[in-house]
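Working through the structure, step by step
What follows is the residue order along each chain.
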Protein chains: 2
Amino acid sequence: MLPFARVSIIGLGLIGSSIARAVQIHMPTVRLTGHDADPSVRERANALGFLDDVTDTAGAAVTDADLVILCVPVGAMGSVAESIADDLPADAIVSDVGSSKASVIAALEAALPGATIIPAHPVAGTENSGPEAGFASLFHGRWCILTPPAGAPEAATERVRAFWEALGANVELMEARHHDLVLAITSHLPHLIAYTIVGTASDLEEVTRSEVIKYSAGGFRDFTRIAASDPTMWRDVFIANKDAVLEMLQRFSEDLTALQRAIRWDDGDRLFDLFTRTRAVRRSIIEEGQDDERPDFGRSHE
Amino acid sequence: MLPFARVSIIGLGLIGSSIARAVQIHMPTVRLTGHDADPSVRERANALGFLDDVTDTAGAAVTDADLVILCVPVGAMGSVAESIADDLPADAIVSDVGSSKASVIAALEAALPGATIIPAHPVAGTENSGPEAGFASLFHGRWCILTPPAGAPEAATERVRAFWEALGANVELMEARHHDLVLAITSHLPHLIAYTIVGTASDLEEVTRSEVIKYSAGGFRDFTRIAASDPTMWRDVFIANKDAVLEMLQRFSEDLTALQRAIRWDDGDRLFDLFTRTRAVRRSIIEEGQDDERPDFGRSHE
């Protein structure tokens, strides 16, 4: 039995359009409606054909839905929720895909008092944005974290779990604050650091931009992928999850200062010990199926 | 005409064994000898068959060579050079593949007075180590930087250039100090940061190691690849290129502190501006053929 019959997706970028495409494949009888604030995105979504109906307003997309998924930057969740409040069916479940959860829950509860809210975070994506970037298999084998607020009906959580499992994801439940801490280290801090170093490299005077590009295969290019992620989405994440990000950043900075000191004082043993430990983490990630085992990300060497 | 007829490779890990395999394919008449300080590596190299002769001492590997390439960690260059000094033919060219150049030149010149030294740095590699990890196409389309010391014979530099071009690399000449600055930002600092954040994540109390692994697809896993690189090689690089690494690290830390402040004060515009600039760097790297354009490094989503 399908967990939902009529799904509405608000925000038709990489994630929203991937969910729609995945629903088309895994639950083909589900009726899919959607909306995006950008008229050009609505037009392209229409042409791409991953929805049954693209509506001109957010409200019109939800009138008949039993699941509404907000796929917009976390800073826009509150205002988007307000824009659907009048049209939302009383028995619809409202979910989202935001990368930070405590602030999103607060925004949704304020905008939609009395609604059933089951927040979700599919830990999946690419560096590309927009409705053209989505694809149906994006969530296969990836984790989707649900953070139901205290008092949320268990049956609603189980329906959202069934939905994500049908799209190929593994589902885990987590308390919102803990989610925000976990993702601060596994996602938010890595993005912040990648953005920073790409900026640092661009601003040097002694090393030209063209040299940075040419010799990027020494390691730098890995960081540029993440630093090509959607600017609006990530601006919002850092501000929405400020406390946890600043906490993790503080720890990172302390550790970096310790390594800086080890380099200055030729403390090779300290460096060697760390570099040996980190190698084991990579092995675990591959063993757990969370990354490809092919060397160099399987980059082509033709 | 082949630039060299008898090539000797000292150090049979990822890079040394890749050079040997590439020579076998691109210059099959070249006689290849080699040595590794580790008897187990010598045995495996023999079995893998990428050399005509694996010798028990470094000296025995170079007696007849017209090109000797030292493929050992940069901290070992001096002692390895000393170990071949007595057997090195007077007209042989000595080269290396180290990731830092000024300190390597100093070590080689001290150990091999009067020898023709043409240092090289192929900017290529994977996170794997050892003779099994090498492959012939590793240098295809990658850059190899030569840093001939002042007074090095131009003809020798041109022969080493022809050698690397025959292996499929693009060759660039650079002054050693400038090389060390360029690589500090495009390679050494990225490795240092990756090692640091993987260490930070492993040491948290509030977030378990298993959570870090499970949710690593949010960005963290990208860093673990680089942080799985050879510990000995990288320990040596940071100490050998200390000044340039500390200089780049200082700039990075300043930029990170500025972003930390922007997050603390909700300065979304500053974040957005940087995140937009960094996206352009990624585009340039793809346009210049220095990375794959497939999203998410072309990771499989089966």
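Described below are features of the structure shown in this document. Bear in mind the structure is a predicted one, so any value in this text is a computation, not a measurement.

In terms of helices and strands, chain A carries 12 helices and 9 strands. Taken against the 2.2 N^0.38 rule, which gives 19 Å for 302 residues, the C-alpha radius of gyration of chain A at 21 Å falls within 12% of a compact globule. Expressed along its principal axes, the backbone C-alpha trace of chain A runs to roughly 65 × 45 × 35 Å. When burial is assessed residue by residue, chain A has 56% of its 302 residues classed as buried. Put simply, 74% of the contacts in chain A that link residues at least 6 apart link residues at least 24 apart.

With that out of the way, let us pick up helix α7 (residues 176-202) of chain B. The first and last C-alpha atoms of α7 of chain B sit 36 Å apart over 27 residues, in line with the 39 Å expected at 1.5 Å per residue. Burial of α7 of chain B is extensive: 24 of the 27 residues sit out of reach of the surface.

In this assembly, 95 residues from chain B lie in contact with 95 residues from chain A. Sorting the residues of the side of chain B that touches chain A by element identifies α7, α8 (209-214), α9 (220-226), α10 (231-240), α11 (242-264) and α12 (268-287) of chain B as the ones contributing at least two each. Considering each element in turn, the side of chain B that touches chain A owes the most residues, 19 residues, to α7 of chain B. Taken together, the residues of the side of chain B that touches chain A sort by class into 47 nonpolar, 25 polar and 23 charged.

Okay, the sheet that holds strand β8 (residues 143-146) of chain B next. All names here are of chain B. With respect to topology, 3 strands assemble into an open sheet ordered β7-β8-β9, the strand pairing being mixed. Single-partner strands in this sheet number two, and they are β7 (120-122) and β9 (170-173). When the angles between neighbouring strand axes are averaged without regard to direction, this sheet yields 20 degrees. Contacting β7, β8 and β9, helix α6 (residues 154-166) crosses the sheet at an angle of about 165 degrees to β8.

With 208 residues, the main nonpolar core has I10, V68 and L189 of chain A together with I10, V68 and L189 of chain B as its most contacted residues. Apart from residues no more than four positions distant in its own chain, L189 of chain B is found in contact with I197 of chain A together with A184, V245, M248, L249 and F252 of chain B.

When two helices pack together, their arrangement is given by the angle between the helix axes and the distance between those axes. As a packed pair, helix α10 (residues 231-240) of chain A and α12 of chain B sit with axes 9 Å apart at the nearest point and diverge in direction by 140 degrees. Classified by the angle their axes make, α10 of chain A and α12 of chain B are oblique. The element α10 of chain A and its partner α12 of chain B pack so that their crossing is right-handed. Counted together, P231, T232, W234, R235, F238 and I239 of chain A of α10 of chain A and G268, L271, F272, F275, T276 and R279 of chain B of α12 of chain B form the full contact between these two elements. In terms of residue class, the contact of α10 of chain A with α12 of chain B is built from 7 nonpolar, 3 polar and 2 charged.

A few words now on unusual backbone geometry. Leaving glycine out, the prevailing phi sign among residues is negative, and the prevailing peptide bond configuration is trans. The phi dihedral of D296 of chain A is positive, around 55 degrees, even though this residue is not glycine. Looking at the element boundaries, D296 of chain A is found in the segment after α12 (268-287). Look at D296 of chain A and you get partly exposed, because 19 C-beta atoms sit within 10 Å. Positive phi values are uncommon outside glycine, yet D266 of chain B reaches one of about 55 degrees. Note that D266 of chain B resides in the loop between α11 and α12. Owing to 12 C-beta atoms within 10 Å, D266 of chain B belongs among the exposed residues under this scheme.

If you rotate chain B by 180 degrees and push it 0.0 Å along the axis, it lands on chain A with an RMSD of 0.0 Å. Here the copies are linked by what is in effect a two-fold axis.

Moving on, we get to the sheet that holds strand β4 (residues 67-70) of chain B. All names here are of chain B. The 6 strands lie next to each other as β3-β2-β1-β4-β5-β6, forming an open sheet whose pairing is parallel. One side of each edge strand has no neighbouring strand; the edge strands of this open sheet are β3 (53-54) and β6 (116-117). Most of the contacts of helix α4 (residues 77-84) go to β4, to which it runs at about 150 degrees, and overall it touches β1 (6-10), β4 and β5 (93-96).

Conventions we followed
- Along each chain, residue indices are assigned from 1 in the same order as the chain's sequence is written.
- Chains and ligands are labelled by the order in which they are written, letters from A for the one and numbers from 1 for the other.
- This being a predicted model, a pLDDT of at least 70 is required before a residue's local features are given, and a value of 80 or more before pairs of side-chain atoms are given or counted; all residues contribute to the totals for chains, interfaces and linings.
- To qualify as a helix, a DSSP run of H or I must reach at least 4 residues; to qualify as a strand, a run of E must reach at least 2; elements of each kind are numbered from the N terminus.
- Here the radius of gyration uses the C-alpha set of atoms, whereas the globule reference equals 2.2 Å times the residue count to the power 0.38.
- Comment: burial labels come from other C-beta atoms within 10 Å of the residue's own C-beta, placed from the backbone, where a count of 20 or more is buried, 12 or fewer is exposed, and between is partly exposed.
- Note on contacts: residues are paired as contacts if their backbone-placed C-beta atoms lie within 7 Å.
- Expected span of a helix, by definition, is 1.5 Å for each gap between consecutive residues, and there is one gap fewer than residues.
- We call Asp, Glu, Lys and Arg charged. Ala, Val, Leu, Ile, Met, Phe, Trp, Tyr, Cys and Pro are nonpolar, and the rest, Gly among them, are polar.
- For two strands to be treated as a pair, DSSP must find at least two bridges joining them.
- To get an axis, fit a line to the C-alpha atoms, keeping to the stretch in contact for a helix; angles then go from 0 to 180 degrees between the N-to-C directions.
- Buried Ala, Val, Leu, Ile, Met, Phe, Trp, Tyr and Cys residues whose C-beta atoms connect them within 7 Å together make up a nonpolar core.
- Here the angle decides the label: under 35 degrees means roughly parallel, over 145 means roughly antiparallel, 65 to 115 means roughly perpendicular, and every other value means oblique.
- Helix crossings fall into two classes, left-handed where the near helix is turned counterclockwise from the far one by less than a right angle and right-handed where it is turned clockwise.
- Alignment of copies: least-squares fit on C-alpha atoms of residues with pLDDT of at least 70 in both copies.

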